[in-house]
Every structure is written in structure tokens, then in C-alpha cells.
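# Report on the structure
Here are the chains, one letter per residue:
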Amino acid sequence: MAAIEKEASFAGRSGYETWVFGILKYKILDLMRLQRKQGRFTPLEEEGEDDAIDRQFQANGRWREEARPASWGEPDRAFETEHFWRVFDACMLALPDGAARVFSLRELMGLSTADICREVGIRESNCWVILHRARLRLRACLEQGWLGEETP
Amino acid sequence: MMMCKEATRLMSFRQDRRLTFREKVSLRLHLSMCGACRECDRQFTLLHEAGKRYPAAHDHPPEGH
């Protein structure tokens, strides 16, 4: 609501969105700090040890045949389709909470991992590992949900 | 020889920090021989691009995170 009341002071929509994102960023950071204080921020333990990763690789570290990444075509065309963004949203929601928050702060809001970790109080190497897992989950989810539906 | 799983770690790290010289060389070597990992690398880059375009592509901020 506060965001809507302020809308009049913003000339263009993109300025407004940037402003809402700015607020959201601090809300996410606050939540993560609080959870960490209460000992509830444990993104590395949310999933069974490397579950998302194990589903994509064989024991020897090569891709499983069914998980081998396929071409997603031209990125610019993908971004223009509403379908891509619907699948992207669905895949974000399917991420474990901690991973989704770190990924949002890093990729949607553009914070550096150094900033995220300083603000939240986790080690930067943890951030990198969380992001690696989040990206592997997202790529598998997007490939299934997006390419899977688009091919006739 | 580095395997695909380890290669995806470096591809992901590369989106967040500078790789060391050694990491760069082994990733480049792996990518030169592995088409699946080259696709994965493109996908990680696309995720990064998607993140940058996310605010513009949405009328409202994401919910649930």
C-alpha cells in the first residue's frame, strides 16, 4: 500500500519498479538477518545433501543423459515471450526459500555476494555454493517447463 | 581432468566472482571439449540476463520471497 500511495511522485513505471524493488531488497535482507539471529537461516541444509545436483549428474561427475542441457535458442526471443516469464516465476517459487532469497538478491536486485554475505552474516563461500545449487535447479526447471512445453 | 559437475561450479562462480588463473584454464579446457557444459554455461548467463530484465518484465514485484 505504501508503494501505491507514493506512486504519484514517480514519473515513469520503470522508476516506480526500481523503487519497489529497492524496498523489497531491504525487506528480504531484514528477514534473512532475523532468521539468522534465530538460527533458522540454514539454506545449505534445506535440501538433502546436494539433492538437486545429484539428480543431474552421474556418480562420476558427468551429466546424466536425461539431464544434459539443451539449447534454449536465442535469449532475446525468450525474454519477449510471456511464457518464459511464467515458467521463470514458477521455477523461482519452486526453489528452497533460502536459495530463492539469495538468488533474488544477487540476480534480480544485483547485489554482490560480498554485500549479501556482509549484510546477512554468512560466509561468502556459502553464498557461492547456494547460488551454484540455485542455478542448477533453475536451469533444470526452466528446461523442463519451458522447452518441454514449447516443442510440439 | 575436471568433470562436468565441477565445471558447473566454476561456471556459476564466474557469475559472482573472478576466477583464478588456474580455474579459468581448467574451465576453458573443459568447455572446449564438452558441448553439454557449453549449453549450461549459456544457460547460466541467460539466467543472469533474465535477472537484470526481471523488473521490466513484471508489472509487480515477485511474491513469496
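It should be emphasised that the depicted structure is a prediction, and the values quoted were computed from it without experimental measurement.

## With respect to the confidence of the model for chain B
Residues and elements named next belong to chain B. A residue-level look at chain B finds 86% of positions with pLDDT of 70 or above and a mean pLDDT of 88. Mean pLDDT values for the elements of chain B range from 89 in helix α3 (residues 35-57) up to 97 in helix α2 (residues 21-33). Note on the complex model: pTM 0.79, ipTM 0.87.

## Brief notes about the interface of chain A and chain B
At the junction of the two partners, chain A supplies 44 residues and chain B supplies 34 residues. Between the two partners, chain A and chain B, sit three salt bridges. For Asp16 of chain B, the salt bridge identified is with Arg135 of chain A, shortest N-O distance 2.9 Å. In this structure, the connection of chain A to chain B is made through 14 residue pairs in polar contact (both at pLDDT 80 or more).

## Points about the state of the cysteines
Scanning all chains against the criterion turns up one disulfide over all chains. Disulfide pairing places Cys91 of chain A opposite Cys141 of chain A at an S-S distance of 2.1 Å. Here the S-S torsion is close to -85°, and the disulfide linking Cys91 of chain A with Cys141 of chain A is therefore left-handed. With Cys91 of chain A in helix α5 (residues 82-94) and Cys141 of chain A in helix α8 (residues 124-150), this pair connects stretches of sequence that are 50 residues apart. Accessibility expressed as a relative area gives 3% for Cys91 of chain A, which makes it buried. Distance from the sulfur of Cys37 of chain B, which forms no disulfide, to the nearest cysteine sulfur (Cys34 of chain B) is 3.6 Å. For Cys37 of chain B, a relative accessible area of 0% gives the class buried.

## A closer look at a nonpolar patch on the surface
All names here are of chain B. A cluster of nonpolar side chains, namely Met1, Leu29 and Met33, defines an oily patch on the protein surface of about 360 Å² accessible area. As for its position among the elements, Leu29 is in helix α2. For Leu29, a relative accessible area of 48% translates into the label partly exposed.

What counts, and at which threshold
- Residues numbered from 1 in each chain as written.
- Chains lettered and ligands numbered in written order.
- Predicted model: local features only at pLDDT ≥ 70, side-chain atom pairs only at ≥ 80, totals over all residues.
- Heavy atoms only, no water.
- pLDDT = per-residue confidence, 0-100.
- Helix = DSSP H or I, 4+ residues; strand = E, 2+ residues; numbered from the N terminus.
- Contact = heavy atoms within 4.5 Å.
- Salt bridge = Lys/Arg side-chain N within 4 Å of Asp/Glu carboxyl O.
- Polar contact = N/O pair within 3.5 Å; in protein donor to acceptor, adjacent residues only side chain to side chain.
- Disulfide = S-S within 2.5 Å.
- Buried < 20%, exposed > 50% of the residue type's maximum accessible area, 1.4 Å probe, protein only.
- Patch = residues over 30% accessible without salt bridge, like charges linked within 9 Å, V, L, I, M, F, W, Y side chains within 5 Å.
- Areas by Shrake-Rupley, 256 points an atom, 1.4 Å probe, with all protein chains shown as cover.

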